[in-house]
Amino acid sequence: MSSDIILTIKDLQFKYGERVIADGMDVQIQRGKITTIMGPSGTGKTTLLRMIGGQVRPHAGSISYEGKSIPDLGKNELLQARKSMGLLFQASALFTGLSVFDNVAFPLREHTKLSEQMLSHLVLSKLEAVGLRGAAQLMPAELSGGMARRVALARAFALDPRLMMYDEPFVGQDPITMGVITRLIKLLNDSLGMTSIIVSHDVHEAMTISDYVYMISEGKVIASGTPDELRESDSPWAQQFLRAEPDGPVSFQYPAKDYQSDLFASVE
Amino acid sequence: MFEPIRLIGEAALRKIARLGQASLFISQVIASLPMLLRRFSLVVTQLYEVGVLSIAIIVISALAVGMVLGLQMFYTLRDFGSEQILGQVVALSLVRELGPVLAGLLFAGRAGSALTAEIGLMKATEQLSSMEMMAVDPIKRVVAPRFLAGVLSMPLLAAMFSSVGIIGGYLVGVGLLGVDSGAFWSLMQANVDFYDDILNGIIKSFVFGIIITWIAVFEGYDAKPTAEGVSRATMRTVVHSAFAVLAFDFILTALMFGGN
């Protein structure tokens, strides 16, 4: 059973100043599955991915990836662990000085000693998978947001990672691109045998392709289960989120003092 | 009553802590340098960006400085009937002081600011983070080649500044004002010492190269990942580099020429 779990997060604690990102969070990611972590904006979902990737150290708790405790790894061990991870950044994070081809070739050039011909075949096959082989010689500045996201996706899975993480992959995309990215995530996960973690607040797309969903708010997992289980859940958090209701357990308003006293404070 | 003292102490502690951070950072960069022997193409690319692209500003400025120096020195020396030593005076001024210092200030403005802005923007657009997630150390891949290129470029640019400045002095002194060409070159040759003057100038420019490039790459890497943060980091690079060049110039001059 334990080998089915690729990543275990236990009692995770993390704060940015007074802002709680994780307050005893427990998450388990099953190997080969697509797991979505959902939550309102600003709940620290991206920070959670950075903690999994070892870029941010939690204040307490454990993150165990394939049996290795990520926060305890040294610099070189961490770099080794990251070779089996891929992260699609929300802002794509393409290298602006390199062409699309060279962006995708970057991790291959850094970590393999492939001949240029073999490397070219691999890069073109990755670009073909995301439908952008024809854009190989373009520069990142010449790409639309959706194209940049797909190039970043091709680069993220260039080394065929075992764990692929997607940070808000659907944000700011038109419906066609959103559909393309949704299908690509599912296709890559199933055909390459990867494990995928999607961090998102796009309910429809994420629920369509996910095997399991965690909903987080205020640093805790407030609901979890398969998409069907969550739809039928009586958790008010889950229902507010799935039905996109403006108010509920998650308040629309950022914490503030009384509105009237705020308005008339200057008059008095 | 003690508040101003407390504030000064706090500011001093912050500066010391930042110096400590910068020192740890540069030790990591220096530890990464041997790796560059295997991938020297990364340094060559940066030598072009940092060094070759700075040549235009160095040459034009050096020519102007040399010409003004020739003109001013000629009128002063003529009062003493010593205009024949113009070549020696121009050469010593440039090789000992003006070459390394002015090349350093120009290098900080042209290449240092560009290095900080580039690295800072890479940080702001998560390019450095994405590199880390691809198991590539940005200090080895991005910072170390730029640091080495800066350190290697600066002495060459300073030598170029001094050489072109001397030509500027020659054009004005010999070409316009009638100083004897033979006296200009022979007195320069006789009185400019390779070890005392030229080598010390090279050492100065090498030290300035280390300091300016260290400040530039650290400020970029440490910049707040916002437009304002990168802008402030770039400004700090130019200001801190200028102060550091002037301060170290005084110290090095006192050490090198103090006994003469």
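None of these values were measured; they are calculated from a predicted model. (Residues numbered from 1 in each chain as written. Chains lettered and ligands numbered in written order. Predicted model: local features only at pLDDT ≥ 70, side-chain atom pairs only at ≥ 80, totals over all residues.)

Colleague: Would you mind showing me how to read the overall build of chain B here?
Modeller: Counting its regular elements, chain B contains nine helices and zero strands. Tracing chain B from N to C terminus, the helices and strands come up as α-α-α-α-α-α-α-α-α. Each of the three principal axes of chain B carries a C-alpha extent, and together these read 65 × 60 × 35 Å. Residues classed as buried in chain B amount to 43% of the 260 residues present. Within chain B, contacts between residues at least 6 apart in sequence are counted, and of these 87% link residues at least 24 apart. (Helix = DSSP H or I, 4+ residues; strand = E, 2+ residues; numbered from the N terminus. Buried ≥ 20, exposed ≤ 12 C-beta atoms within 10 Å, placed from the backbone. Contact = placed C-beta atoms within 7 Å.)

Colleague: Can you help me understand the domain arrangement of chain A in this one?
Modeller: By a widespread convention, an interface's size corresponds to the accessible area lost as its parts come together. All names here are of chain A. What the domain assignment reports for chain A is domain 1 (1-77 + 163-174 + 192-268) and domain 2 (85-160). On a C-alpha basis, the centres of domain 1 and domain 2 stand 28 Å from each other. Counting residues at the interface gives 15 residues for domain 1, matched by twelve residues for domain 2. Among the elements of the structure, helix 1 (45-52) and strand 7 (163-167) are those that each provide at least two residues to the side of domain 1 that touches domain 2. Here the element with the most residues in the side of domain 1 that touches domain 2 is strand 7; it accounts for five residues. A class-by-class count of the residues in the side of domain 1 that touches domain 2 yields eight nonpolar, four polar and three charged. (Domains from an automatic or database assignment. Nonpolar A, V, L, I, M, F, W, Y, C, P; charged D, E, K, R; others polar.)

Colleague: Could you clarify how one ought to interpret the nonpolar core in this entry?
Modeller: A general trend in soluble globular proteins is that nonpolar side chains are found buried together. Of all hydrophobic cores here, the largest spans 129 residues; its most connected members are Ile52, Ala152, Ala154, Met165 and Met215 of chain A together with Ile212 and Val217 of chain B. Take this core: its biggest share by element is 17 residues, from helix 4 (residues 86-124) of chain B. Here this core spans two domains, since at least three of its residues come from each of domain 1 (1-77 + 163-174 + 192-268) and domain 2 (85-160) of chain A. (Core = buried A, V, L, I, M, F, W, Y, C linked by C-beta atoms within 7 Å.)

Colleague: Please explain the pairing of strand 10 (residues 220-225) of chain A as it appears in this structure.
Modeller: Regular strands place side chains that alternate from one sheet face to the opposite one. Residues and elements named next belong to chain A. Strand direction decides the pairing type here: strand 9 (residues 212-217) and strand 10, joined by five bridges, are antiparallel. Its bridge partner lying in strand 10, Ser217 is registered against Lys220. If you look at the hairpin formed by strand 9 and strand 10, you'll find two residues sitting between the two strands, and Glu218 has a positive phi there, around 50°. (Pairing = 2+ DSSP bridges.)

Colleague: For this particular structure, what's the right way to read the pairing of strand 1 (residues 5-16) of chain A?
Modeller: Residues and elements named next belong to chain A. For strand 1 and strand 2 (residues 19-30), the ladder comprises nine bridges, and the chain directions are antiparallel. In the sheet register, Leu12 faces strand 2, and the bridge partner there is Met25. Joining the antiparallel neighbours strand 1 and strand 2 is a turn of two residues, in which Gly17 adopts a positive phi near 60°. In this sheet, strand 4 (residues 60-65) lies alongside strand 1 in antiparallel orientation, the contact comprising five bridges.

Colleague: Help me understand the environment of Ser241 of chain B, please; the structure alone is not making it clear to me.
Modeller: Of note, Ser241 of chain B is situated in helix 9 (residues 227-257). Look past the residues within four positions of Ser241 of chain B in its chain and what remains in contact with it is Ala108, Gly112, Ile212 and Ile215 of chain B.

Colleague: Explain the sheet that holds strand 4 of chain A here, please?
Modeller: Within a sheet, neighbouring strands are paired by backbone hydrogen bonds and run either parallel or antiparallel to one another. With respect to topology, four strands assemble into an open sheet ordered 2-1-4-5 (chain A), the strand pairing being antiparallel. Strand pairing shows two members of the sheet lacking a second neighbour, strand 2 and strand 5 (68-69) of chain A, which therefore form its edges.

Colleague: What am I meant to see in the interface of chain A and chain B here?
Modeller: At the interface, 15 residues of chain A touch eleven residues of chain B. Broken down by secondary-structure element, the contributors of at least two residues to the side of chain A that touches chain B are helix 2 (75-82), strand 6 (85-88) and helix 3 (100-111) of chain A. Broken down by element, the side of chain A that touches chain B gets its largest block of residues, four residues, from helix 3 of chain A.

Colleague: Please clarify how the confidence of the model for chain B should be interpreted in this entry.
Modeller: Close reading of the predicted structure is inappropriate where its pLDDT is low. The predicted model of chain B has a mean per-residue pLDDT of 95, with 99% of residues at 70 or higher. Taken over the whole predicted complex, pTM reads 0.89, whereas the ipTM for its chain interfaces reads 0.86. (pLDDT = per-residue confidence, 0-100.)

Colleague: Is there a simple way to explain unusual backbone geometry in this structure?
Modeller: Peptide bonds are, in most cases, trans, and in most cases residues other than glycine have a negative phi. Residue and element names in this part refer to chain A. With phi around 50°, Glu66 is a residue other than glycine that occupies positive phi space. One can find Glu66 in the loop between strand 4 and strand 5. Phi at Asp160 takes a positive value of approximately 50°, unusual for a residue other than glycine. For Asp160, the location among the structural elements is in the loop between helix 5 (145-156) and strand 7.

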